[in-house]
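What the coordinates show
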Amino acid sequence: MGYDFQAIEAKWQKVWEERKSFEVETEPDKKKFYCLEMFPYPSGALHMGHVRNYSMGDMLARFLRKKGMNVLYPMGFDAFGMPAENAAIKYKTKPHDWTWRNIEHETNQSKRMGYSYDWRRRVETCNPNYYRWNQWIFLQMYKKGLVYRKHAPVNWCETCGTVLANEQVVNGACWRCEKPVVKKSLEQWFIKITDYAQELLDNIDTHLTGWPERVRIMQRNWIGRSEGARLSFRAEELDYTIEAFTTRFDTVYGITFIALAPEHELVSAMIAKLPKEEAARLSDFVAQCAAQSSIERSDAGAEKRGFATPFTGTHPVTGKPIPIWIANYILMDYGTGAIMGVPAHDQRDFDFCRKYGIPVIPVIQPAEGAALDGTTMTAAFEEDGVSCNSGQFDGLPTQDAIRKMINWGEEKGYCSREVNFRLRDWLISRQRYWGTPIPFVHCPSCGVVPVSEDQLPVLLPEDVQVVDVGRSPLLDMPEWLETTCPVCGGKARREAETMDTFFCSSWYFDRYCSPGFDKGPFDAKDTDYWMPVDQYIGGIEHACLHLIYARFFTMFLSDIGLLKPEVREPFTNLLTQGMVIKDGAKMSKSLGNVVDPTEIVEKYGADTVRLFILFASPPQNDLDWSEQGVEGAHRFLNRVWRFVEENLDSLKQTGGEFVPMSKLSDPAQRDFKRKIHGTIQSVTRDIDEEKQFNTAIARLMELTNALYSFRPADEIGYALRREAVEVLLNCLSPFSPHIAEELWQMLGNETLLSKTSWPILDKDALAADSVVIVVQVNGKVRAKLSMSAGIDEARLKERVMSDPQVHEKIAGREIVRVIAVPDKLVNIVVKG
RNA sequence: GCCGGGAUGGCGGAAUGGUAGACGCAGUGGACUCAAAAUCCACCGAGGGCAACCUCAUGGGAGUUCAAGUCUCCCUCCCGGCACCA
């Protein structure tokens, strides 16, 4: 009859759907497991990366169901975003229509793979029943003071026609289109994610122990905590107090200049105060700095340029006047946008001072070697040493000096302790159409005011033609734009900007718990049961994007009581899968090395594709696509099929109880029984603990090989063979569920294999009867002796030392020592 | 520059400090066949030997250990993240 995978896969997909095999409910008395994958953007079709991601998740979900868990395993679509607008222009359609068509197509693709999602829970972020809760959550954040508008230099992507959050700028370029990003001064919406910086950092150590070390380090770096102090310089002529942050208060006596970022607010006051000609030169300088791209600005090797102002600030400790400069290497968005310049101990300051002839005063001397001289040094001394030129602190080692001087500074009021983070507030607004409308209106008399909660959702018009990427069509829809003010009832204009789509993806996993709920974003009775996610699977590229935003959301939702207090983190365990590579490069349209999953599934079947993709590489590694490898996986499934088909009669005749190890006397049968249970043990461990799916599959291949070589001679032999086939199919079914289900049925089983418990391990069947003892001489393998298992150390030594073969290898040399590891090895150390 | 991760056959990859190379891919030889496909059997790190076996081998070098792919130190190369963050 042959392995007709097309018919089999269609058949079982239908059965599972009709029997609602994978639908789950909140059942507090059952042990739950929440298995989640990063939901896709519906760009048209699922690619191999998705297939890899979801094949892992589905395998785990199916495995855990068999282990008796109540498994929540949902799927949805991250459906708002730029590509829909671009596609709408290109194909002369509407983002709404394009997106929904793709959602339906990709859902069907997913079903064709046999993934066991509870499809009733599908979430689409572009659905008003979802994004209304985006708007609602945004208003809750506003109420808690976490939402604000700020006029600031922001990252602007010309190609996408929108601003970007810090996390979305990768090497100075847009994360999506990879075009350079420029700074633009705009008034934008921000969320105070920095209020949570400390908890985001602390929880990495306390809560994220189930995450890859790599991701934890990346997040720690991204949050970037540094401890130091804030100090101020009074600039009397300008009637202004300049604040600066430093991590090296111990170098305070080495300050020789103050530098401000060109965007610093004091700069315009200076321009106003300066004589016309000099004011013009300063404006010019500031304009030149602004013209630099963010890539140039952030290049450490770039030339440092400065402008000497005639103004000074008062040194907080010595009271001396310190000249104020404007410098292009000072960043406005870190610290205060002003620094204390200590050229002797900071390389950047040093470079700057040498260029402009500013004095260099060492305040730390190396513990050993020649003393530093400010006039002759060629580089800043940034290591630890001993303080000098620092009054009462002279002679202190650097670490002591840092501690003591900051205490002293605080006591005397020279400084105040401060912690700074590299993490910036989240710029949430986008100048785009296809997104969640920000639920605010602009009223000429009341200002920017929130839409009242009972007016949600602010619907996004769906019947919209996008013609130009440069301008949101919402701006040209007066019927949508014009509204009334929720406060005064007067004429007002809607906020036409939409939310960053990362807002949508920061809580979708909560929504899966109660997808139909309409009294809030989700029902606490469901999230209290299901959250947090037990296993999350997705790409490493979200390490400092989605995976930080979602953590912040969870903390916030927990703080306002929507999630229970103990849920502070959304994802207990994280698995980051590698990319799918072909011909040495990531599959991409531009390289033309894309393999379409649909075609491969048609040719080999979903079971083969799933098996290959999990077998070819461990989950975290990149996976090299190889059609020959796919054929190998297909061959294996064929082998399993053929075995059952060819031996069906004898397999069916021996149903019932399996023979326990104690009833087996034939060595071949005992070995085979051991192989069966050894397979259960290692497959279970590989999936559950090691997350090494490739080796789990290798074990199943070994069992299949053993099945082919085992020759049953009696009834017990046939019963063992039946046991082996059942174990094989059961263990195979999370990987290749359709073929396993079909063969299971062919054996005469009436229950669904998908609903059948994982095989029970018989520990008695694991113990070996005989073992091969490796005999080493001076650590080199010299002989292998077979003996029965469980011999103690003394008897083992005795047996090995009396063996003639071993004698020959020692050849009369003097025995210094004998090390014996029972059931394993004996190492004889000899001299000469 | 700083912080991570890695380097094992022709390839993907296995190896609680205890037989290096499981499993698969590719390859070689054979069986079946008129022939091919499919399938099955054998071989498959390098060198030496008729053989039993021996020597070398996990990027390079040292060290710890009875024993190191695995632990420690140094070096080389690759990959990733951060980077004028005060």
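See above for the structure.
Quantities reported herein were computed from a predicted structural model and do not represent experimental measurements.

1. Focus: the overall build of chain A
Summing up its helical and strand segments, chain A has 27 helices and 34 strands in all. The principal-axis extents of the C-alpha atoms in chain A amount to approximately 110 × 85 × 50 Å. Taking all 832 residues of chain A together, 55% fall into the buried category. If the 99 positive side-chain charges of chain A are averaged to one point and the 113 negative ones to another, these points end up 2 Å apart.

2. Let's talk about the side chain of glutamate 723
Here glutamate 723 shows up in helix α24 (residues 715-732). Among the residues examined, glutamate 723 registers a relative accessible area of 3% and is labelled buried. Sequence-distant contacts of glutamate 723, defined by excluding residues within four places in its chain, comprise Phe658, Val659, Lys673, Ile676 and His677.

3. Overview of the sheet that holds strand β26 (residues 533-539)
Here we have four strands laid out as an open sheet, ordered β2-β1-β26-β27, and parallel in their pairing. Edge positions in the sheet fall to β2 (70-72) and β27 (571-577), since each of these pairs with one other strand and no more. For this sheet, the mean inter-axis angle between neighbouring strands, taken without regard to orientation, is 20°. Pairing of β26 with β27, which is carried by six bridges, proceeds in the parallel orientation. Bridged to tyrosine 536 within β27 is leucine 574. Sheet strands touched by helix α2 (residues 48-66): β1 (32-37), β2, β26 and β27. Its angle to β1, the strand with the most contacts, is close to 170°.

4. Quick look at the packing of helix α6 (residues 197-206) against helix α17 (residues 546-559)
In a pair of packed helices, the angle between the axes and the distance between the axes together describe the arrangement. Contact geometry of α6 with α17 gives a least axis separation of 11 Å together with a crossing angle of 105°. Judged by the angle between their axes, α6 and α17 are roughly perpendicular. Contact with α6, carried on its side by Glu199, Leu200, Asn203 and Ile204, involves Ile548, Arg551, Phe552 and Met555 of α17 and no other residues of that element. In the contact of α6 with α17, the residues fall into five nonpolar, one polar and two charged.

5. Some details on the nonpolar core
Judged by nonpolar contacts, the single largest core of 184 residues is most densely connected at Trp426 and Trp625. If you look at the next biggest cluster of nonpolar residues, it comprises 55 residues, including Ile255, Trp325, Ala338 and Ile406.

6. Let's talk about the environment of tyrosine 91
By the element assignment, tyrosine 91 lies in the loop between α3 (82-90) and α4 (95-112). Between the C-alpha atom of tyrosine 91 and that of lysine 755, which follows or precedes it by 664 residues, the distance is 45 Å.

7. As for the pattern of salt bridges
Enumeration according to the criterion identifies 47 salt bridges in this entry. The salt bridge partner of aspartate 118 is arginine 121, with a shortest N-O separation of 3.0 Å. Residue aspartate 118 is classed as buried on the basis of its relative accessible area of 1%. The exposure class assigned to arginine 121 is buried, which follows from its relative accessible area of 5%. One salt bridge in this structure joins arginine 674 and aspartate 671, with 2.6 Å as the shortest N-O distance.

8. Some remarks on the packing of α24 against helix α25 (residues 737-746)
Contact geometry of α24 with α25 gives a least axis separation of 8 Å together with a crossing angle of 150°. Considering their axes alone, α24 and α25 lie roughly antiparallel with respect to each other. You can see that α24 and α25 cross each other, and the crossing is left-handed. In contact with Glu726, Leu729 and Leu732 of α24, α25 contributes Ile739, Ala740, Leu743 and Trp744. When the residues that make up the contact of α24 with α25 are grouped by side-chain class, the tally is six nonpolar, no polar and one charged.

9. A few points about a positive patch on the surface
Taken together, the side chains of Lys780, Arg782, Lys809 and Arg813 make up a positively charged region of the molecular surface. Relative to the helices and strands, lysine 780 is located in strand β32 (residues 780-788).

10. Considering the packing of aromatic side chains
With the rule as written, the count across this model stands at 47 aromatic pairs. Measuring from ring centre to ring centre gives 5.5 Å for phenylalanine 80 and tyrosine 131, while their planes differ by 50°; the resulting arrangement is tilted. With phenylalanine 80 in the loop between β3 (76-77) and α3 and tyrosine 131 in helix α5 (residues 128-143), the pair connects residues that are 51 residues apart, well separated along the chain. Each member of the pair, phenylalanine 80 together with tyrosine 131, is buried. Here the aromatic rings of tryptophan 408 and tyrosine 414 are separated by 5.0 Å at their centres, their planes lie at 65°, and the arrangement is edge-to-face. Exposure remark for tyrosine 414: the relative accessible area of 21% places this residue in the partly exposed category. Aromatic rings pair up to connect Phe138, Tyr142, Trp175, Trp189, Tyr196, Trp426, Phe440, Phe502, Phe503, Tyr549, Phe552 and Phe553 into one cluster. One residue, lysine 150, lies across the ring of phenylalanine 190, its end atom 4.9 Å from the ring centre. Over the ring of tryptophan 156 we find lysine 184, and its NZ or CZ is 3.8 Å from the ring centre.

Scoring rules and cut-offs
Residues numbered from 1 in each chain as written. Chains lettered and ligands numbered in written order. Predicted model: local features only at pLDDT ≥ 70, side-chain atom pairs only at ≥ 80, totals over all residues. Heavy atoms only, no water. Helix = DSSP H or I, 4+ residues; strand = E, 2+ residues; numbered from the N terminus. Buried < 20%, exposed > 50% of the residue type's maximum accessible area, 1.4 Å probe, protein only. Lys, Arg positive; Asp, Glu negative; His and termini not counted. Charge placed at Lys NZ, Arg CZ, Asp CG, Glu CD. Contact = heavy atoms within 4.5 Å. Pairing = 2+ DSSP bridges. Axes fitted to C-alpha atoms, helices over the stretch in contact; angles between N-to-C directions. Parallel < 35°, antiparallel > 145°, perpendicular 65-115°, else oblique. Nonpolar A, V, L, I, M, F, W, Y, C, P; charged D, E, K, R; others polar. Core = buried A, V, L, I, M, F, W, Y, C linked by side-chain atoms within 4.5 Å. Salt bridge = Lys/Arg side-chain N within 4 Å of Asp/Glu carboxyl O. Left-handed = near helix turned anticlockwise from the far one by under 90°. Patch = residues over 30% accessible without salt bridge, like charges linked within 9 Å, V, L, I, M, F, W, Y side chains within 5 Å. Areas by Shrake-Rupley, 256 points an atom, 1.4 Å probe, with all protein chains shown as cover. Phe/Tyr/Trp six-rings, centres within 6.5 Å; stacked < 30°, edge-to-face > 60°. Lys NZ or Arg CZ within 6 Å of the ring centre and 35° of its normal.

Limitation: the analysis is restricted to geometry and does not speak to function.
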